[in-house]
Structures are given as C-alpha cells and as structure tokens.
Amino acid sequence: MGSQSRHLLYLFDIDGTLLDAHGSGRGSFDEVMLERFGVANASEGVRYGGKTDHAIIEEIFRARLGRSATTAERAEFLAAYVPRLTAKLAAGGVKVLDGAVAALDWLAPRARLGVATGNIREGAEAKLAAAGLAGRFEVGGYGCDSAVRAELVARAIARAGTLDEVIVVGDTIHDISAARACNATVCAVATGSDTAEALAHADVVFRSLTELPAWHAARYAC
Ligand SMILES: [Mg+2]
C-alpha cells in the first residue's frame, strides 16, 4: 500500500527544524521583559529549544521575578511580543535550514503536512512567512493551544481528523517526548539546539532534512 492511501500526517517543528530565526524570538522576549517589566537580559541562562512560549514566559518570570505571570500579564506580554518579533524577522531575516524546502516539496504529494510548534500561532505564522514557507501546512498545533508540548501535538492531530500514522519532525528531546506521548513516529534532526547523540532515542536522526525523502521512501515504499 502506498503512502498516498495511508493517511500520513507529518508535523514539523519550526525553530531549529525548518528555519533559524537568528534569535528573533529570544531577542523579542528580552525587549518585552525590559520595557514592560523592567528586567534586563531576562533570557540569560534560559534554554528556549523545544519549549512553548508560555513555558518560557513562566520560566523567565520564576527566574527573574520569583513568581508566575498572571493571565493578564501573559496576554500583555504576547501582545507586545508579536510586533517586535515581526520587526526583528524583517530586519534580520530567516535562514531556511538545509533540505527543508526540498523535503516539503517532495512530501506534499505523498502525505499531509502540518506544524507542531511551541510558538503561539501568530509567532509561528510570522516566522513561516519570513521564511517563504507560508501556506504549506494545512493543520497546526501551537504554543497558544497549550503550554505543554505533548498537548499541542495532540491538538494538531485532532484537527487533522482520520489518520493512520503521525510523524513528528523536530530538533529537540522535547519534540521526541511529545511525539511519544501521542504515539507518533518521530524523526529528529540535528540542526537545532540538541546534538545527534542527545536525540538518538528518536526513530531516526537526520543530520539535516536532506535525508528525509530517502527515509520516507524506504519506510513507506513510495
Ligand atoms: Mg525546535
């Protein structure tokens, strides 16, 4: 049975997997923390890879202010974040990672394509647009769906409807654990913040997305 009749869904992480936004997200978080909450260098020592926007806000508030952000503060934070992110993306550009466009082109007639990202939806769409990848994904799970990555992956899967198999593609151990929690196959790609060794418990580890089409062809016989 070919994969076209198998109802496969690929869910791509964004940062470190499809693109490198040159720290635009981190820089925007730091600007908001300084301008709205009076905290300089708020991200120092905070790892962003694989985490959701809400989880990062929580980590920063706990580390710098010793408390959680209120619901109102989160809303204020994210409202201030989006225009800063958009401006930074426009100024600094985005690097589309090796093999990403070719892999998406190759998969498009063979599987359904979505995103599963810790970015809130507006942030995800801004990054994808800056990378020239807007309009390639029919479904998504986002950081605004849940602070917990496994839950936003589950939301993306639920939005896709009937499926035989879900394949999560991501660059961190958090992508792997979220995929496992959703019974998804997981392809790790060592183009982001975690090393190939750290990612070795994925179903497969790619050095870059250039390796994805051959893996798919061998696994699904198309
Ligand atoms: Mg990532």
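Shown above is the structure to which this text applies.
Residues numbered from 1 in each chain as written. Predicted model: local features only at pLDDT ≥ 70, side-chain atom pairs only at ≥ 80, totals over all residues. Heavy atoms only, no water.

## Structural notes on the overall build of the protein
Thinking step 1. Secondary structure summary: the protein contains eight helices and eight strands in total.
Thinking step 2. Burial statistics for the protein: of 222 residues in total, 50% are counted as buried.
Thinking step 3. By sequence separation, contacts in the protein at least 24 residues apart represent 66% of the contacts at least 6 residues apart.
Thinking step 4. Between the centroid of the 23 positive side chains of the protein and the centroid of its 27 negative side chains there is a distance of 1 Å. (Helix = DSSP H or I, 4+ residues; strand = E, 2+ residues; numbered from the N terminus. Buried < 20%, exposed > 50% of the residue type's maximum accessible area, 1.4 Å probe, protein only. Contact = heavy atoms within 4.5 Å. Lys, Arg positive; Asp, Glu negative; His and termini not counted. Charge placed at Lys NZ, Arg CZ, Asp CG, Glu CD.)

## Some thoughts on the layout of surface pockets
Thinking step 1. Considered as a void within the structure, the largest pocket measures approximately 550 Å³ in volume.
Thinking step 2. If you trace the largest pocket, you find 31 residues lining it, with D15, G16, Y48, G49 and K127 closest to the centre.
Thinking step 3. Contributing elements (two or more residues each) for the lining of the largest pocket: β2 (19-20), α1 (24-37) and α2 (53-65).
Thinking step 4. Considering every element that reaches the lining of the largest pocket, the biggest residue donor is α1, with four residues.
Thinking step 5. Along the lines of polarity and charge, the residues of the lining of the largest pocket split into six nonpolar, 14 polar and eleven charged. (1 Å grid on protein atoms, 1.4 Å probe; cavity = no way out; pocket = protein on both sides within 12 Å on 5 of 7 lines; lining within 4 Å. Points joined across faces, edges and corners; volume = space filled by probe spheres on them. Nonpolar A, V, L, I, M, F, W, Y, C, P; charged D, E, K, R; others polar.)

## Considering the pairing of strand β1 (residues 8-12)
Thinking step 1. Among the five residues that make up β1, five are buried, leaving the element largely enclosed by the rest of the structure.
Thinking step 2. Alternating positions in β1 separate into two faces, L8, Y10 and F12 on one and L9 and L11 on the other, with burial throughout.
Thinking step 3. Where β1 meets strand β6 (residues 165-170), five bridges bridge the pair, whose relative direction is parallel. Directly across from L11, in β6, lies its bridge partner V168.
Thinking step 4. Where β1 meets strand β4 (residues 112-116), four bridges bridge the pair, whose relative direction is parallel. From the neighbouring strand, F12 faces β4, where its bridge partner is V115. (Pairing = 2+ DSSP bridges.)

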